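# An overview of the molecular structure
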Amino acid sequence: PTRVADHPPPPLSGGTLLVTRDGRTAVAADPDRDRVHLVDLGSRTVTASLKLRAGDEPGRAVEDDAGRVHVALRGGASVLSVDMATRAVLARRPVCAAPRGIAYERDTGLLHVACAGGELVSLRAGTGEVTRTLRLDRDLRDVIVQSGHLVVSRFREAELLTVDASGEVVRRVRPANADELPGRGVGLGGRSGVAWRMIAGPGGALVLHQRAITASVQITTGGYGSTGRCQTGVVQSTVSMIGTEAPVALPSLSGVTLAVDVALAPGGQRMAIAAAGNAPFPTLGQVFAFSLSE
């Protein structure tokens, strides 16, 4: 029989896992159940499970220099601060209607929160005092700190905005489309868009995004996509590295369907990607490791 959930689950967002800098604890946001789990990685046990308000939808998390972790509550319009020593909630601070990305700036002790409504809010990590609110383009997703600037991504357009210390947008850039890349052809897809995740990478921002073909779909065997070394689906997952020079893009990632999250290994030469679209097919795998140096 068909079952209808009393409370539909939130949309997929990725970026719900943080490992603390000492490598001892994983902070796992659980937006489906409105909880934040703290896991001891040595013993592989859950040391705390923080129950939040219904609809809070915890998402991105960041660690500051004072032993606190701050979690953006996508549905709770707030930032949740957790003391990692006591495993207790310190504060819940209203920030904007739809917080999405969050970053910590060590030089200033500020948290920067990117909001879907277009706000970029800066607040003190210790007190929660808001020091600045900028109004940028709507649909902001992630924010990272790079060389005294803030880089903010937009979800659907996969556009990156660079904001200087005065609050001015000094650069706009998007991942390259397939026809802008050298060696374009099979496996490179078409128009870039939908930036699921942006993290700090070696020399710039690492953006996990999609490419969608712009040509007509051939209604034949293999027309909607094929397997093999090069993925040729209608929508493909890929990664772009965007620094001060022109964007550098990888080929489409074969076998990776609906990639929603990416993480870098220490040293920045290997990355892991989570493929949510592979979940119904256990033989395909859901986590993939790739080298950035090959």
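To be clear, the structure that these remarks concern was listed above.
What you see is a predicted model; the values in this text were computed from it and never measured.

Definitions and limits used
Along each chain, the written sequence defines residue order, and numbers are assigned to residues from 1. Predicted model: local features are reported for residues with pLDDT of at least 70 only, side-chain atom pairs are reported and counted for 80 or more only, and whole-chain, interface and lining totals are derived from all residues. Derived side-chain values reflect all non-hydrogen atoms in the structure, with water molecules and hydrogen atoms excluded from consideration. Burial classification: accessible surface area is computed with a 1.4 Å probe over protein chains only, and a residue below 20% of its type maximum counts as buried, one above 50% as exposed, and the rest as partly exposed. Labels follow the DSSP assignment, with helices taken as runs of H or I lasting at least four residues and strands as runs of E lasting at least two, numbered in each case from the N terminus. Note: two strands are recorded as paired if DSSP finds a minimum of 2 bridges between them. Fitted lines through C-alpha atoms serve as axes, helices being fitted only where they are in contact, and the angles separating the N-to-C directions of these axes extend from 0 to 180 degrees. Here, a salt bridge means any Lys or Arg side-chain nitrogen found within 4 Å of an Asp or Glu carboxyl oxygen. Counting rule for disulfides: a pair of cysteine sulfur atoms within 2.5 Å. Among the buried residues, those of types Ala, Val, Leu, Ile, Met, Phe, Trp, Tyr and Cys that are joined through side-chain atoms within 4.5 Å form a nonpolar core. Here, two residues are considered to be in contact whenever any of their heavy atoms come within 4.5 Å of each other. Within 6.5 Å between ring centres, the rings of Phe, Tyr and Trp (the latter by its six-membered ring) count as paired, and their orientation is classed by plane angle as stacked under 30 degrees, edge-to-face over 60, tilted in between. Throughout this description, the term charge over a ring refers to an Arg CZ or Lys NZ atom that lies within 6 Å of the ring centre and within 35 degrees of the ring normal.

Turning our attention to the pairing of strand β18 (residues 204-212). For β18, a buried count of eight out of nine residues is recorded, marking the element as mostly surrounded by other parts of the structure. Summarising the sheet, strand β17 (residues 191-201) and β18 pair through nine bridges and their orientation is antiparallel. Within β18, the residue paired with I199 across the bridge is L206. Hairpin connection from β17 to β18: two residues lie between these consecutive antiparallel strands, with G203 at a positive phi of about 85°. With eight bridges joining them, β18 and strand β19 (residues 235-242) adopt antiparallel strand pairing. Looking at the pairing, Q210 lines up with S237 of β19.

If you trace the three strands from one edge of the open sheet to the other, you get β21-β22-β23, paired in antiparallel fashion. Where the open sheet ends on each side, the last strands, each with one partner, are β21 (259-264) and β23 (287-291). Averaged over all neighbouring strand pairs, the angle between strand axes comes to 25°, with direction disregarded. Bridging between β21 and strand β22 (residues 270-275) involves five bridges; their strand directions are antiparallel. Of the residues in β22, the one forming a bridge with A263 is A272.

It is worth spelling out the pattern of salt bridges at this point. On inspection of all chains with the given rule, the structure shows 17 salt bridges. Between D142 and R60 there is a salt bridge, with its nearest N and O atoms 2.7 Å apart. With a gap of 82 residues between them, D142 in strand β13 (residues 140-146) and R60 in strand β5 (residues 58-63) connect regions that are remote in the sequence. What makes D142 buried here is its relative accessible area of 2%. You can call R60 buried: its relative accessible area is 5%.

The next point concerns the state of the cysteines. With the rule as written, the count across this model stands at one disulfide. The disulfide partner of C96 is C115, and the S-S distance across this bridge is 2.1 Å. Linking C96 and C115, the disulfide has an S-S dihedral of approximately -95° and is accordingly described as left-handed. On the criterion of sequence distance, the pair formed by C96 in the loop between β8 (88-94) and β9 (99-105) and C115 in strand β10 (residues 110-115) is long-range, its members being 19 residues apart. Just as C96 is buried, C115 falls in that class too.

Counting residues in each nonpolar core, the largest one holds 14 residues, and the members touching the most others are L206, L208, V239, V256, V262, M271 and I273. Mapped by element, the contributors of at least two residues to this core are β18, β21 and β22. Ignoring sequence-local partners within four residues, the contact set of V262 consists of R197, I199, L206, L208, M271, A272 and I273. In terms of nonpolar packing, the next biggest core, distinct from the first, is built from 13 residues, L18, V36, L52 and L80 among them.

A positive phi angle is found at S147, which is not glycine, with a value near 55°. Within the secondary structure, S147 sits in the loop between β13 and β14 (149-154). Here V194, not a glycine, exhibits a phi torsion of approximately 55°, which is positive. Its place among the elements puts V194 in strand β17. Judged by relative accessible area, V194 falls into the partly exposed class, the value being 22%.

Taking strand neighbours across the sheet as the criterion, the four strands line up as β9-β10-β11-β12 in an open arrangement whose pairing is antiparallel. With partners counted over all chains shown, the strands left at the sheet margins are β9 and β12 (130-135), one partner each. Averaged over all pairs of adjacent strands, the angle between strand axes in this sheet comes to 15°, irrespective of strand direction. Pairing between β10 and strand β11 (residues 119-124): five bridges, direction antiparallel. Residue A114 lies in a different strand from β11, and its bridge partner there is L120.

Attention shifts here to the packing of aromatic side chains. With the rule as written, the count across this model stands at two aromatic pairs. For the ring pair F155 and W196, a centre distance of 5.3 Å and an interplane angle of 80° mean the geometry is edge-to-face. Of this pair, F155 sits in the loop between β14 and β15 (160-163) while W196 is found in strand β17, placing the two residues 41 residues apart along the sequence. The buried category is assigned to F155, whose relative accessible area is 15%. Measuring from centroid to centroid gives 6.4 Å for F288 and F290, while their planes differ by 20°, and the two rings are stacked. In this structure F288 comes out as buried when scored by relative accessible area, which is 17%. When its relative accessible area of 22% is taken as the criterion, F290 is described as partly exposed. Seen from the ring of F155, R141 lies directly overhead, with NZ or CZ sitting 4.1 Å from the centre.

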